[in-house]
Amino acid sequence: MEKILNFRDVGNTIFENNKQGRTRLGQSSGNCIIKPGVLFRGAQPDETSPSDAQKFIELGIRTIIDLRSGYENVKPHILAKLYPTVPILNTTDKFNDDKTYNEKNSRKTIKICLAGRNYQRMVLANSICNKQMAAKTIGSKVISPMGLGEMYSSFLEGCHDEIREIFEIMIDCENFPMYVHCAYGKDRTGFIIALVLSLCGVDDEIIIQDYSISQENLKSWRARIVKDMGKLGLSEDFAMAKPEAMHEMLMNLKIKYGSTADYLSSIGFSVQKQNLLKNYLCK
């Protein structure tokens, strides 16, 4: 992509990481293969160029999942017209009742604030009215002392509804190919993609490698990211994509829940639905 940073086809990335792992270990691997051309991830599309927009159309991307919060500065961009925002109902099994949402071959954007009100209530008493002030207070007083890995782990506990909604969207094959993004495609996006890959049986090492690609992909924007993190009360470490952060989240998930499948079941995303998603995404 010309203007969209950190953009990649998750299936292709996992294939390449698998191949490198087999070469390094000198043996074949039974690791899961994700279909290419189905699930994409990256940074915000606010500065999308016409050639980027054309690439989205050529890739056949039908749905954009925007994980950003409402108080984040979202600039008007070309994709906003090509992928108009549609409502999402706050109920399970809602898709067949929403004709606009489920219209075949339509392009759309669905906004789900991953680290939103539910998460903020969990990490800080809900007593601050100004959203930007609340975000900075949470960042400096609560999240920054946690560190990046513990922040990802806290998403597991504070974002049940949002995670379930995202996975519900993913069991409708009409919503694919899909592009998932947040501001930089590193934290919220990295967390969601990690859960998807883990559910599909991708080895933790491969998941961590996919996450860590963001470190190099965002190198040119490092100063900007550090500045943005500072506005949220977060330290410079939160501008990084260090492997140990994702490793910590995956280990904490297993310690508490046993597996990603068990975690998703605990928040209301059934085994039956999990199998639908795996059958669609995995080769």
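Attention in this report is confined to the structure presented alongside it. The written sequence of each chain sets the order in which its residues are numbered from 1. In view of the model being predicted, local features appear only for residues whose pLDDT reaches at least 70, and side-chain atom pairs are presented and counted only at 80 or more, with totals across whole chains, interfaces and linings using the full set of residues. To obtain the side-chain values, all non-hydrogen atoms of the structure were used and water was disregarded.

1. Side note on the pattern of salt bridges
1) Next: Basic side-chain nitrogens of Lys or Arg form a salt bridge, by our definition, when they fall within 4 Å of a carboxyl oxygen of Asp or Glu. A full pass over the atoms with the stated rule returns 12 salt bridges.
2) Next: With its nearest N and O atoms 2.8 Å apart, the salt bridge here joins Arg-62 to Glu-174. Remark: Glu-174 occurs in the loop between helix H7 (160-170) and strand E5 (178-181) and Arg-62 occurs in the loop between helix H2 (50-59) and strand E3 (63-66); sequence separation between them is 112 residues.
3) Next: The closest approach of N and O atoms between Asp-204 and Lys-254, which form a salt bridge, is 2.6 Å. Here Asp-204, found in helix H9 (residues 204-217), pairs with Lys-254, found in helix H11 (residues 243-257); they are 50 residues apart in sequence, far enough to count as distant.
4) Next: On the basis of relative accessible area, Asp-204 is assigned to the buried category, the value being 16%.
5) Next: Three or more residues are tied together by salt bridges with common partners; here these are Asp-46, Asp-66, Arg-68 and Lys-111. Under the scheme used here, helices are H or I runs from DSSP no shorter than 4 residues and strands are E runs no shorter than 2 residues, and both carry numbers assigned from the N terminus. Remark: exposure states derive from per-residue accessible area (1.4 Å probe, protein chains only) relative to the maximum for the residue type, with buried under 20%, exposed over 50%, and partly exposed in between.

2. Remarks on the environment of Ser-270
1) Next: Looking at where Ser-270 falls in the secondary structure, it is placed in the loop between helix H12 (260-266) and helix H13 (271-281).
2) Next: With 106 residues separating them in the primary sequence, Ser-270 and Arg-164 have C-alpha atoms 9.9 Å apart.

3. Points about the nonpolar core
1) Next: By size, the foremost hydrophobic cluster in this structure holds 72 residues, and its most contacted members are Tyr-152, Ile-163, Met-170 and Phe-191.
2) Next: The dominant element in this core, judged by the number of residues it contributes, is helix H8 (residues 188-199), at eight residues.
3) Next: Apart from the residues lying within four places of it in its own chain, the contact partners of Met-170 are Leu-39, Phe-176, Met-178, Val-180, Ile-192, Val-196 and Leu-277.
4) Next: Counting residues in each nonpolar core, the second largest holds 10 residues, with Phe-7, Ala-53, Phe-56 and Leu-79 among its members. Joining through side-chain atoms within 4.5 Å is the link that ties buried Ala, Val, Leu, Ile, Met, Phe, Trp, Tyr and Cys residues into a set, and such a set is a nonpolar core. Residues count as neighbours in contact if any of their non-hydrogen atoms are within 4.5 Å of one another.

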